[in-house]
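Survey of secondary and tertiary structure
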Amino acid sequence: MTSPRLSSTGRARTNRHRRDLLAALVTRDVALRYRRSILGLLWSQLGPLVMLAVLTFVFTRVVPLDIADYAPFVFIGLLAWTWWSGAILTATASVSGAADLVRRPGFPVAVLPAVAVTSHLIHLVLALPVLVLAVVLATGGLPATFVALPLLLSLQALLLLGPAWVLAALNVRYRDVQHLVGVLLFPFFYVTPVFYDAGAVPSSVRGAYRLNPLVHLFEAYRDVALYGRWPALGPLLAIAVVGGLAAVAGHRCFTALAPRFPDEL
Amino acid sequence: MSSDRLVASLRGVGKRFPVHHQPPARSLKEAALGGFRELRQRRWQWALRDVDLDVAAGTSLGLIGHNGAGKSCLLRLMGGVGHPTTGTVDVGGKVGALLELGTGFHPELTGRESALLALLIAGCTRREAQDLLPSVAAFAELEAHLDQPLRTYSSGMAARLAFAVATSTEPDLLLVDEVLAVGDLAFQQRCLARIEEHRHRGATVVLVSHDPALVAHTCEEVAWLDHGRLVTQGPTARVLAAYVEANETAARAATPADLAPVLSTQGRPLVPGVNRVGSQEAQIDAVHLLDGWGRPATEVPAGGAVTVEVALSVSDDVGGACLGVRIVRAADRLACVDTSTPVHPGDGEVRMELERLDLAPGAYDVVVGLFDPSWASTFDHHEHAYPLLVVGDGPHAALLAPPLRWVRPCPARAGRVTSGEPATPSTPPPAAERPGPERGGPARAAGPSWPAGGGGRGR
């Protein structure tokens with residue numbers, strides 16, 4: 001059976017189309033979010049700023065954690081976590097909420113979870129100036145290792161893709177996958193060093209704790225963006241391998257289930 | 001493009017969907033509580049069964065059938081959306097689809113953004129989309145509104161934009177679902193013209209419709225689906241005739257047995273099951289034919305104005321209906337005028353005003369029908385009940401008598417009859433001197449009709 005394709009001019013064009021489509025859908029998401037608001041894109045800075053103020057107040061004054069430069073410290077964790085949880089939640093509902101696109105001949109449905117991951121990355125990138133400001137105010141300068149940030153962001157994107165595809169596919173059949181995800185993200189938040197330092201975790205559970213790839217990723221973020229250290233390579237390589245395998249498996253799972261989507265929406 | 005080459009070939013295609021007596025398990029909890037019973041013992045309903053269909057390159061195929069006959073399902077499978085449960089679907093070439101209007105549209109996006117996004121969704125790369133944008137805007141006649149958000153568009157404007165996008169990509173196979181019904185008449189005409197352009201380019205068109213008239217106009221070949229099975233596929237005229245006849249039989253069967261015969265507003269008997277058929281869920285109460293001056297008339301001058309005034313009862317339960325008015329030639333039932341309009345509950349009276357009826361003098365019959373909004377079933381249909389006589393002189397043998405005149409620009413030749421010409425009187429009276437029967441219209445065919453028109457104007 002030959003499946004209908006949009007183009008007969010080969011794989012290169014198909015790939016270019018996917019890329020362009022991804023970009024266009026991400027642009028739409030980002031543009032729509034702030035359209036018709038007076039402050040527009042400023043909101044993407046204001047939200048994190050308020051969170052930053054609250055967390056900094058709570059964990060330096062109310063429950064002091066004794067972490068140096070806490071404001072940029074927590075802000076890094078906050079940005080990365082907001083991306084992680086937002087992307088997972090949006091991706092889970094991305095296919096079930098786009099019945100019209102799923103039923104369109106030739107539409108590459110697998111692009112939808114990727115759009116969710118990318119859109120939330122854009123929001124993180126838009127908030128980066130605030131991070132830079134926080135780091136500069138706290139430490140008096142920006143470490144040179146900051147340039148490694150894009151690499152770490154790519155790793156997180158890779159790590160997100162696998163779960164995004166699987167959860168999106170499952171949510172088409174069982175709508176409460178999205179609620180389950182919402183519930184599970186709550187404990188996930190606490191086993192990830194978002195507002196505390198991973199070193200504070202008791203050594204008795206540290207082995208299990210460090211199985212969470214986000215622990216290493218978040219430490220690496222803080223190394224390059226705040227402490228001016230090059231991160232440990234071993235865990236990052238492991239994340240790349242695990243993330244890559246998960247992405248491939250997730251995509252396989254998604255494409256295997258995709259022919260059923262039109263019937264189930 | 002060789003007509004032997006197949007663009008689509010379907011073999012033994014079946015598609016089934018689960019039917020649930022209770023709402024299906026939409027959650028893991030429900031599925032678990034049910035012991036995943038639902039996963040094992042599902043009841044299935046076949047939307048399509050054993051369909052063999054070939055679509056040759058360059059043809060236009062119409063898919064007709066009632067609601068739920070599987071037309072849209074078949075169209076989707078041809079578009080590669082989902083897999084058939086049984087059989088194979090082979091489709092070659094670039095597929096363009098007009099299944100749902102406005103995919104990817106969002107009220108806050110501007111027309112330009114929407115069009116670009118929709119083009120990308122339709123399979124274009126960004127560069128191709130940008131190249132196509134001017135022609136899309138031109139076809140949709142929205143150049144001036146391109147940077148306005150879509151929420152400021154009327155539904156007609158949005159539909160034009162969606163159609164322009166869908167047909168701008170030069171597909172090899174264009175799949176068109178029942179979307180043309182949304183727009184106004186002018187929009188439909190433009191869409192049909194656009195589909196025609198694609199046909200001339202060599203594209204293959206598969207069109208789903210309930211409307212036999214649309215299919216007759218657009219398609220060379222028709223496949224008729226009934227309850228998921230292919231009844232027949234063949235030349236349009238043959239299949240449509242069979243389809244229309246089956247519909248009439250069904251409408252006759254649906255006519256309530258206790259409906260009493262009545263006289264039409266023109267005194268003709270309306271006998272249930274004979275010349276009045278339909279379920280009577282909505283009814284045609286009265287039909288008045290009016291001439292150009294608004295007076296009740298059974299005869300009108302050729303080229304004159306006619307108004308068909310229909311009094312209806314469409315209840316809220318029905319929700320809406322389609323009113324069709326057709327003028328057929330009495331002798332051979334040839335449809336000369338065929339038009340329809342949606343009607344809504346509470347529309348007590350609807351008028352079809354025909355500015356000029358340029359039909360040759362003779363006996364005609366006004367046929368009025370009320371159908372459900374998808375044209376799937378007949379509510380009330382009156383035939384042989386409203387005769388209309390078109391009077392005047394003119395070429396009786398022909399169908400049309402449009403305004404025309406003979407001109408002799410060179411007086412020297414005026415008296416000569418060339419050998420190839422029929423024996424027309426050589427000097428017809430100047431057309432402009434004879435007042436036409438219509439109100440202020442241009443002068444009509446003035447000469448006595450040949451060969452035996454009776455001469456003179458007869459009034």
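Our structure's up above, just so we're on the same page.
The structure contained in this document is the topic of the report that follows. Note that the structure is predicted; figures quoted are calculated from it, not measured. (Residues numbered from 1 in each chain as written. Chains lettered and ligands numbered in written order. Predicted model: local features only at pLDDT ≥ 70, side-chain atom pairs only at ≥ 80, totals over all residues. Heavy atoms only, no water.)

In this section: the overall build of chain B. Scanning chain B from N- to C-terminus turns up nine helices and 20 strands. By residue count, 46% of the 459 residues in chain B fall in the buried class. Long-range pairs, those at least 24 residues apart, make up 69% of the contacts in chain B with a sequence separation of at least 6. If you sum the accessible surface of chain B, you get close to 21,900 Å²; carbon and sulfur atoms cover 54% of it. (Helix = DSSP H or I, 4+ residues; strand = E, 2+ residues; numbered from the N terminus. Buried < 20%, exposed > 50% of the residue type's maximum accessible area, 1.4 Å probe, protein only. Contact = heavy atoms within 4.5 Å. Areas by Shrake-Rupley, 256 points an atom, 1.4 Å probe, with all protein chains shown as cover.)

Moving on to the overall build of chain A. Helices and strands together make up the secondary structure of chain A, namely eleven helices and zero strands. Reading chain A from its N end, one meets helices and strands in the order α-α-α-α-α-α-α-α-α-α-α. Computed over the C-alpha atoms, the radius of gyration of chain A is 20 Å, within 12% of the 18 Å expected from 2.2 N^0.38 for a compact globule of 265 residues. In terms of its C-alpha atoms, chain A occupies a principal-axis envelope of roughly 65 × 50 × 35 Å. Burial status across chain A gives 49% buried among its 265 residues. Long-range contacts, defined as pairs at least 24 residues apart, comprise 76% of the intrachain contacts of chain A with a sequence gap of at least 6. (Rg over C-alpha atoms; globule rule 2.2 N^0.38 Å.)

This part covers the interface of chain B and chain A. With 44 residues of chain B in contact, the opposing surface of chain A contributes 33 residues. Counting each side, the surface lost to burial between chain B and chain A is near 3,600 Å², with a carbon and sulfur contribution of 55%. At the boundary of chain B and chain A, one finds two salt bridges. In this structure, the salt-bridge partner of E128 of chain B is R13 of chain A, at a minimum N-O distance of 2.6 Å. (Buried area = accessible area lost by both parts, 1.4 Å probe. Salt bridge = Lys/Arg side-chain N within 4 Å of Asp/Glu carboxyl O.)

All names here are of chain B. Mapped onto the elements, L77 comes out in helix α3 (residues 71-78). L77 sits 62 residues away from K15 along the chain, and the two C-alpha atoms are 9.0 Å apart. The contacts of L77, once residues within four sequence positions are left out, are V13, K15, L48, G82, H83, P84 and V89.

Burial runs high along helix α4 (residues 111-121) of chain B: eight of the eleven residues are buried. Restricting attention to buried positions, one finds in α4 of chain B the residues G111, S114, A115, L117, A118, L119, L120 and I121 of chain B. If you follow the buried residues of α4 of chain B, they end up packed against α1 (11-34) and α4 (99-102) of chain A together with α5 (126-140) and α6 (155-167) of chain B. Backbone geometry just downstream of α4 of chain B places G123 of chain B in the positive-phi region, at approximately 115°.

Another aspect to go through is unusual backbone geometry. One non-glycine residue, D66 of chain A, lies in positive phi territory at about 55°. With respect to the helices and strands, the residue D66 of chain A is situated in the loop between α2 (43-62) and α3 (70-92). Overall, the relative accessible area of 75% leaves D66 of chain A in the exposed class. For Q280 of chain B, which is not glycine, the phi torsion reads 65° and is therefore positive. In this structure, Q280 of chain B sits in the loop between β12 (276-277) and β13 (283-291).

This brings us to the sheet that holds strand β4 (residues 86-91) of chain B. The pairing of strands in a sheet comes from backbone hydrogen bonds and takes either a parallel or an antiparallel form. Residues and elements named next belong to chain B. Here three strands make up an open sheet; going across it, the order is β2-β1-β4 and the pairing antiparallel. In the strand order of this sheet, the two ends are held by β2 (43-56) and β4, each with one partner. Neighbour-to-neighbour, the strand axes of this sheet turn through a mean angle of 25°, independent of strand direction. (Pairing = 2+ DSSP bridges. Axes fitted to C-alpha atoms, helices over the stretch in contact; angles between N-to-C directions.)

Turning our eyes to something else, we now look at a positive patch on the surface. Together, R16 and R19 of chain A together with R126 and R127 of chain B make up a positively charged patch on the protein surface. Secondary-structure elements contributing two or more residues to the positive patch are α1 of chain A together with α5 of chain B. Its location among the elements puts R19 of chain A in helix α1. (Patch = residues over 30% accessible without salt bridge, like charges linked within 9 Å, V, L, I, M, F, W, Y side chains within 5 Å. Lys, Arg positive; Asp, Glu negative; His and termini not counted. Charge placed at Lys NZ, Arg CZ, Asp CG, Glu CD.)

Residues and elements named next belong to chain B. Of all five residues in strand β3 (residues 60-64), five are buried, a share of seventy percent or more. Going residue by residue along β3, you find S60, G62 and I64 tucked away on one face and L61 and L63 tucked away on the opposite face as well. The pairing of β3 with strand β7 (residues 204-208) spans four bridges and is parallel. Note that in β7 the partner of S60 across the bridge is V205.

So, about a nonpolar patch on the surface. Residues and elements named next belong to chain A. On the surface, a cluster of nonpolar side chains totalling about 610 Å² of accessible area is made up of I38, L39, L42, W43, L46 and L49. Looking at the secondary structure, you find W43 in helix α2. Residue W43 is classed as partly exposed on the basis of its relative accessible area, which comes to 44%.

All names here are of chain A. Remark: helix α5 (residues 111-139) packs on helix α6 (residues 149-173), axes separated minimally by 8 Å, with the N-to-C direction vectors making an angle of 150°. Considering how the two elements wind past one another, α5 and α6 form a crossing that is right-handed. Where α5 abuts α6, its residues P113, A114, V117, L121, L124 and L128 lie against L149, L153, A157, L160, L161, A164, W165 and A168. Classifying every residue of the contact of α5 with α6 gives 14 nonpolar, no polar and no charged. (Left-handed = near helix turned anticlockwise from the far one by under 90°. Nonpolar A, V, L, I, M, F, W, Y, C, P; charged D, E, K, R; others polar.)

Any two packed helices are characterised by how steeply their axes cross, that is the angle between the axes, and by the distance between the axes. Residues and elements named next belong to chain A. Relative orientation of the contacting elements α1 and α5 amounts to 50°, with a least axis distance of 9 Å. Judged by the angle between their axes, α1 and α5 are oblique. Every pair of crossing elements has a handedness; the one defined by α1 and α5 is right-handed. Of the residues in α5, those touching α1 at R18, L21, L22, L25, V26, D29, V30, R33 and Y34 are V111, L112, A114, V115, T118, S119, I122, H123 and L126. The residue inventory of the contact of α1 with α5, partitioned by class, reads twelve nonpolar, three polar and three charged. (Parallel < 35°, antiparallel > 145°, perpendicular 65-115°, else oblique.)

It is worth spelling out the side chain of T218 of chain B at this point. Residues and elements named next belong to chain B. For T218, the location among the structural elements is in helix α8 (residues 212-218). The class for T218 is buried, based on a relative accessible area of 5%. Residue contacts for T218: discarding those within four places in its chain leaves S60, L192, I195, R199 and L207.

Once that is clear, we can look at the sheet that holds strand β6 (residues 173-176) of chain B. Residue and element names in this part refer to chain B. Taken together, the six strands give an open sheet; going across it, the order is β5-β6-β7-β3-β8-β9, and neighbouring strands pair in mixed fashion. Both edges of this open sheet fall to β5 (95-98) and β9 (229-235), since each of them pairs with a single strand only. Within this sheet the neighbouring strands show an average axis-to-axis angle of 15°, counted without direction. Lying on the sheet, α6 is in contact with β5 and β6; it crosses β5 at an angle near 165°. Strands β3, β8 (221-226) and β9 of the sheet are contacted by helix α9 (residues 236-254), whose axis makes an angle of about 135° with β9.

With that settled, the discussion passes to the packing of aromatic side chains. Applying the stated rule across the entire model yields 15 aromatic pairs over all chains. Judged by centre distance (5.9 Å) and plane angle (25°), the ring pair of F189 of chain A and F195 of chain A falls under stacked. This pair shows no difference in class: F189 of chain A is buried, exactly as F195 of chain A is. Arranged with centres 6.1 Å apart and planes meeting at 70°, the rings of F218 of chain A and Y221 of chain A form a pair that is edge-to-face. Of this pair, F218 of chain A and Y221 of chain A are both found in helix α9 (residues 213-227), three residues apart, which corresponds to roughly one turn of the helix. Comparing F218 of chain A with Y221 of chain A, the two get one shared label, buried. Taken together, the ring pairs connect F59, Y70, F73, W81, W84, F186, F188, F189, Y190, F195 and Y196 of chain A into an aromatic cluster. Stacked on the ring of F139 of chain B, the Lys or Arg R194 of chain B has its end atom at 4.2 Å from the ring centre. (Phe/Tyr/Trp six-rings, centres within 6.5 Å; stacked < 30°, edge-to-face > 60°. Lys NZ or Arg CZ within 6 Å of the ring centre and 35° of its normal.)

Just distances and angles here, no functional claims.
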